[in-house]
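If you want the building blocks of each chain, they are given just below.
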Amino acid sequence: MKLTLSPTSINNFINTNKFDNAKIGYFGEIVNTKTTRSISDIVEFVGVNCTNSRDIEWMKKINGYNCHYAIRNKRKLDGFKPFLKGFVAAHCNANICIQRNESDAIYYLNDDYPFLVSADANESEILDMLHRIKDSYGSGEWKYGLEVMRHVKEMSSDNFILNEFIDVIDSI
């Protein structure tokens, strides 16, 4: 079986930038996240036009961040959302700030991942976490988060997924 990689494959988001502090960014449709003036003082919000797959300007900015903000603004029309923001953050060698009940967050990150907020996190809890992230940069807690994200990166790599698929086919 031959595997052909897409140029927009998640494996192409490789962040080798050097940082001297935590730089937090959100990538997505702004309506899908929780933001306030105070939150936007800490998080840079990079809008993604999900209706135009040719608009990839956000991809040019994604490696400028070592922590991804993935706090969802739940809406009635939302169904299950996969852990894509987590996979992207992992392939960017970045930590993630996310609600503990979001999609498969606990499955991939585990309950002790340091940058989880509660399901119904309000502005105060989110700001406390964002300050904790900024203050923890380079610490053992920060490094532990990155170690967890390296595992997520491995579990979402093309080769890992391909081998899981082959195992399923071989078992039939």
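Residues numbered from 1 in each chain as written. Predicted model: local features only at pLDDT ≥ 70, side-chain atom pairs only at ≥ 80, totals over all residues. Heavy atoms only, no water.

Undergrad: Which parts of the structure should I look at to understand empty space enclosed by the protein?
TA: The method is simple in principle: a probe with the dimensions of a water molecule rolls over the atoms, and the space it marks as empty is what remains. Evaluation of the coordinates by the stated rule reveals 1 cavity of 30 Å³ or more. Roughly 30 Å³ of volume is contained in the largest cavity. For the largest cavity, the full set of lining residues is Ala 70, Arg 72, Pro 82, Phe 83, Leu 84, Lys 85, Gly 86, Ile 98, Glu 102 and Ser 103. It is helix α2 (residues 84–91) that provides the largest number of residues to the lining of the largest cavity, a total of 3 residues. (1 Å grid on protein atoms, 1.4 Å probe; cavity = no way out; pocket = protein on both sides within 12 Å on 5 of 7 lines; lining within 4 Å. Points joined across faces, edges and corners; volume = space filled by probe spheres on them. Helix = DSSP H or I, 4+ residues; strand = E, 2+ residues; numbered from the N terminus.)

Undergrad: I keep staring at the pairing of strand β1 (residues 24–28) and nothing clicks. Help me out?
TA: Regular strands place their side chains on alternate faces of the sheet. Where burial is concerned, most of β1 is hidden: 5 out of the 5 residues are buried. Neither face of β1 is left uncovered, since the one carrying Ile 24, Tyr 26 and Gly 28 and the one carrying Gly 25 and Phe 27 both have all their residues buried. In terms of strand pairing, β1 meets strand β2 (residues 43–47) through 5 bridges, oriented parallel. Of the residues in β2, the one forming a bridge with Ile 24 is Val 43. (Buried < 20%, exposed > 50% of the residue type's maximum accessible area, 1.4 Å probe, protein only. Pairing = 2+ DSSP bridges.)

Undergrad: What is the right way to read the environment of Val 31 from this model?
TA: Counting through the fold element by element, Val 31 comes out in the loop between β1 and α1 (37–40). Between the C-alpha atoms of Val 31 and Asn 73, which are 42 residues apart in sequence, the distance is 7.3 Å. Those residues in contact with Val 31 that lie beyond four places of it in its chain are Asn 73 and Arg 75. (Contact = heavy atoms within 4.5 Å.)

Undergrad: Just to check I follow, could you spell out the pattern of salt bridges for this structure?
TA: Side chains that differ in charge, positive against negative, can pair when their charged atoms come close. According to the stated counting rule, one finds 6 salt bridges in the structure shown. Across the pair Glu 57 and Lys 60 runs a salt bridge, and its minimum N-O distance is 2.9 Å. For Lys 60, a relative accessible area of 63% translates into the label exposed. As a salt-bridge pair, Lys 74 and Glu 102 come within 3.3 Å of each other at their nearest N and O atoms. With Lys 74 in the loop between β3 (67–69) and α2 and Glu 102 in the loop between β4 (95–99) and α3 (105–109), this pair connects stretches of sequence that are 28 residues apart. Overlapping salt bridges bring together Arg 72, Lys 74 and Glu 102 as one network. (Salt bridge = Lys/Arg side-chain N within 4 Å of Asp/Glu carboxyl O.)

Undergrad: Just checking my understanding: could you explain the packing of aromatic side chains for this structure?
TA: Within a pair of aromatic rings, the relevant descriptors are the distance that separates the centres and the angle that separates the planes. Scanning all chains against the criterion turns up 11 aromatic pairs. Where Tyr 26 meets Tyr 69, the ring centres are 6.4 Å apart and the plane angle is 80°; that geometry is what we call edge-to-face. With a gap of 43 residues between them, Tyr 26 in strand β1 and Tyr 69 in strand β3 connect regions that are remote in the sequence. Accessibility assignment for this pair places Tyr 26 and Tyr 69 in one class, buried. Between Phe 45 and Tyr 69 the ring centres are 5.7 Å apart and the planes differ by 80°, which places this aromatic pair in the edge-to-face class. Of this pair, Phe 45 sits in strand β2 while Tyr 69 is found in strand β3, placing the two residues 24 residues apart along the sequence. Overall, Tyr 69 belongs to the buried group, its relative accessible area being 1%. (Phe/Tyr/Trp six-rings, centres within 6.5 Å; stacked < 30°, edge-to-face > 60°.)

By themselves these figures say nothing about function.
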